[in-house]
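Okay, here's what each chain looks like letter by letter:
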Amino acid sequence: MTTLRTKSLKTVKPFARYKKVLLVLACSTLGVASLNAQAKENVSVPSTIHWTIPFGVGGGTDVWARFFTTWLSDHIQGNPTIVIDNVPGGGSINGTNLFAMRAAEDGSHWIGTSASTQYPAMFQDRRVRYNYNDWTPILATPTGGVVYAQSSLGDNSEDILRVLTERKVKFAVQSHTGLELPILIALDLLGVDVQAVSGMRGRGEGRLAFERGEADIDFQTTSAYFSSVTPLVESGRAIPLFSLGVLNDSGEIVRDPAFPDLPTFNEIYQRVNGEQPSGPAGEAYRKFFASGFTLQKLILLPKNSPEALIDEYREAARRFVDTEEFKEAAAEHLGPYTPVVGEVVEQHIKEAMTLDDTTRLWLVNWLLERHGARIH
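Residues numbered from 1 in each chain as written. Predicted model: local features only at pLDDT ≥ 70, side-chain atom pairs only at ≥ 80, totals over all residues. Heavy atoms only, no water.

Participant: Honestly, the overall build of the protein in this entry has me stumped. Any pointers?
Facilitator: When its secondary structure is counted, the protein shows 14 helices and 13 strands. Taken across its 376 residues, the protein has 48% of its residues classed as buried. Once local pairs closer than 6 in sequence are excluded, the contacts in the protein between residues at least 24 apart make up 78%. Split by element, the accessible area of the protein, about 18300 Å² in all, is 51% carbon and sulfur. (Helix = DSSP H or I, 4+ residues; strand = E, 2+ residues; numbered from the N terminus. Buried < 20%, exposed > 50% of the residue type's maximum accessible area, 1.4 Å probe, protein only. Contact = heavy atoms within 4.5 Å. Areas by Shrake-Rupley, 256 points an atom, 1.4 Å probe, with all protein chains shown as cover.)

Participant: Just to check I follow, could you spell out helix H7 (residues 203–211) for this structure?
Facilitator: Residues spaced three or four apart along an α-helix face the same direction, because each turn holds 3.6 residues. Arg 203, Gly 206, Arg 207, Ala 209 and Phe 210 are the residues of H7 that are buried. All buried residues of H7 lie within an arc of 155 degrees about the axis, which places them on one face of the element. Count one or two residues on from H7 and you reach Gly 213, which has phi positive near 85 degrees. (Arc of directions from axis to C-beta.)

Participant: Sorry if this is basic, but what is going on with the sheet that holds strand S1 (residues 48–53) here?
Facilitator: Working definition: the strands of a sheet are paired by backbone hydrogen bonds and lie parallel or antiparallel to each other. Ordered by their spatial adjacency, six strands build an open sheet running S2-S1-S3-S12-S4-S13, and the pairing between neighbours is mixed. Looking at the sheet topology across the chains shown, the edges are occupied by strand S2 (81–86) and strand S13 (340–341). (Pairing = 2+ DSSP bridges.)

Participant: What exactly am I supposed to notice about helix H2 (residues 60–75) here?
Facilitator: Between its terminal C-alpha atoms H2 stretches 24 Å, which fits the 22 Å expected from 16 residues at 1.5 Å a residue. Buried within H2 are the following residues: Thr 61, Asp 62, Trp 64, Ala 65, Phe 67, Phe 68, Thr 69, Trp 71, Leu 72 and Ser 73. (Expected span 1.5 Å × (residues − 1).)

Participant: Before we go on, may I ask you to explain the pairing of S1 in this structure?
Facilitator: Every regular strand shows the same layout, with side chains that alternate between the two sheet faces. Relative to S2, S1 runs parallel, the two sharing six bridges. Bridge pairing in S2 links Trp 51 to Ile 84. As for the winding sense of the linkage, the β-α-β connection from S1 through H2 to S2 is right-handed. (Right-handed = clockwise from strand over helix to strand, strands pointing away.)

Participant: Honestly, the packing of aromatic side chains in this entry has me stumped. Any pointers?
Facilitator: Evaluation of the coordinates by the stated rule reveals 29 aromatic pairs. Relative to Trp 64, the ring of Trp 51 lies with its centre 5.6 Å away and its plane at 70 degrees, an arrangement referred to as edge-to-face. One end of the pair, Trp 51, is in strand S1; the other, Trp 64, is in helix H2, with 13 residues separating them in the sequence. Ring geometry for Trp 362 versus Trp 366: centroids 5.3 Å apart, planes at 15 degrees, classification stacked. (Phe/Tyr/Trp six-rings, centres within 6.5 Å; stacked < 30°, edge-to-face > 60°.)

Participant: Help me understand the nonpolar core, please; the structure alone is not making it clear to me.
Facilitator: In globular proteins that are soluble, nonpolar side chains generally tend to be buried together. Core analysis: the largest hydrophobic core is formed by 65 residues, its most contacted members being Tyr 119, Leu 164, Phe 171, Leu 181, Phe 242, Tyr 285 and Leu 363. With sequence-adjacent residues up to four places away left out, Tyr 285 is seen in contact with Pro 182, Ile 185, Ala 186, Leu 189, Leu 244, Ile 253, Phe 265 and Asn 266. Counting residues in each nonpolar core, the second largest holds 31 residues, with Trp 71, Ile 138, Leu 309 and Ala 316 among its members. (Core = buried A, V, L, I, M, F, W, Y, C linked by side-chain atoms within 4.5 Å.)

Given below as C-alpha cells:
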C-alpha cells in the first residue's frame, strides 16, 4: 500500500508542477498579448505625413491622391496631416528618383505611383534610380479599360475583329511604352496590324482623333469610357470590342465588374485560338496589364519603416474601403473597383513587375521591329 501511495504521489507532483508552469506561461502570454494590443492601439504616428506625387497638380494621380488624403487622415490614429508634395518631371521618373534617395524611413514619407512609374522600372529604363523591392505597399487602386472601334468597320464586334485582321489599323497613342502598351500587345496577339500614331498628350486626344475619323480604334480607361465613349456607343458611332478584365485575388483575369457583359481580351483570344495567350507575348501582356491596371495607382513607403506604422496605415485603409460611405464617394473617382490593401498588393507587385530576360528581350525587339520604338 505504501508503495502504491508513494507511486501515486510521485505521479501527481510533476503534474501539479506542470499545471503551475502552464498557469505562469498563460499569464505571461496574456500579459504580453495585452501589452502588444495596447502598443498597437497607441502606435506613434507622425503628426505630418509627406506624400510625394511625381506628377503635376491637377493631373489624374494628383486628383486621386487628394481624394484619399481625407479618408486616410480621418482613419489613421492621431489624424495626421497629409501633405501632398508634387514633384513632376520625366513622366514621374524625376520625382520618384528623388523619393528613393531622400525619403525618411520613419513612416512620415509616402509616394504615390502610377503605370507610367511602374513601366520604366520593368523596362529597366536607364533613367530609373528606384526599385519597388525597396518599398512596401499600403494600398492599390485598380482600374479597367475598353477597346472599341469605328462602327463603319462592321455591324458587331465579331465582324469588326475579322476586318481588323485584314487591313492596317490606326490607333492614336501617347507613347508605345505607356499605358497603351498592353493594348498594342493584345491587338498584335489577335493578328491586328496596328499603326500606332504617337504624340498624343493624353488619352483624351486619342479619343478626339477617333471621333474625327483619324483613328480606327481607340482605348479608354473605365472612368473616361463612361463619361466620353458611352455616348458614342449609344449613338451608334462606336462599337466596344473587349475589356481588359480585372485580376482577382487568386491572380486570374476575370470579367470587369464595370463591363460584365463585355468579354475580356483573354476570352476573345481563347475563342479565336482555342487556348490562352502564352509565350513571351502572352507573358508581356499579362505583366503590363497587371502592373498598369490592377496596380494602376499605388501608395508605398520605404520598406524599413516601422512595422507597427505599416500595419496601422493598412488597417486604416481597411477600416474605410468596404464602407458604403466610401464606395459612394469613390464611385466617381475609382469606378466600381474596391481598393486592394496590404499583403495582396505585395503579391501582385512581386508577380507583375518582374520580367524574365526572355520576355524583356522579346519586348525590346518587338517594339523596335513592329513600331520603331526604343526603350531608354
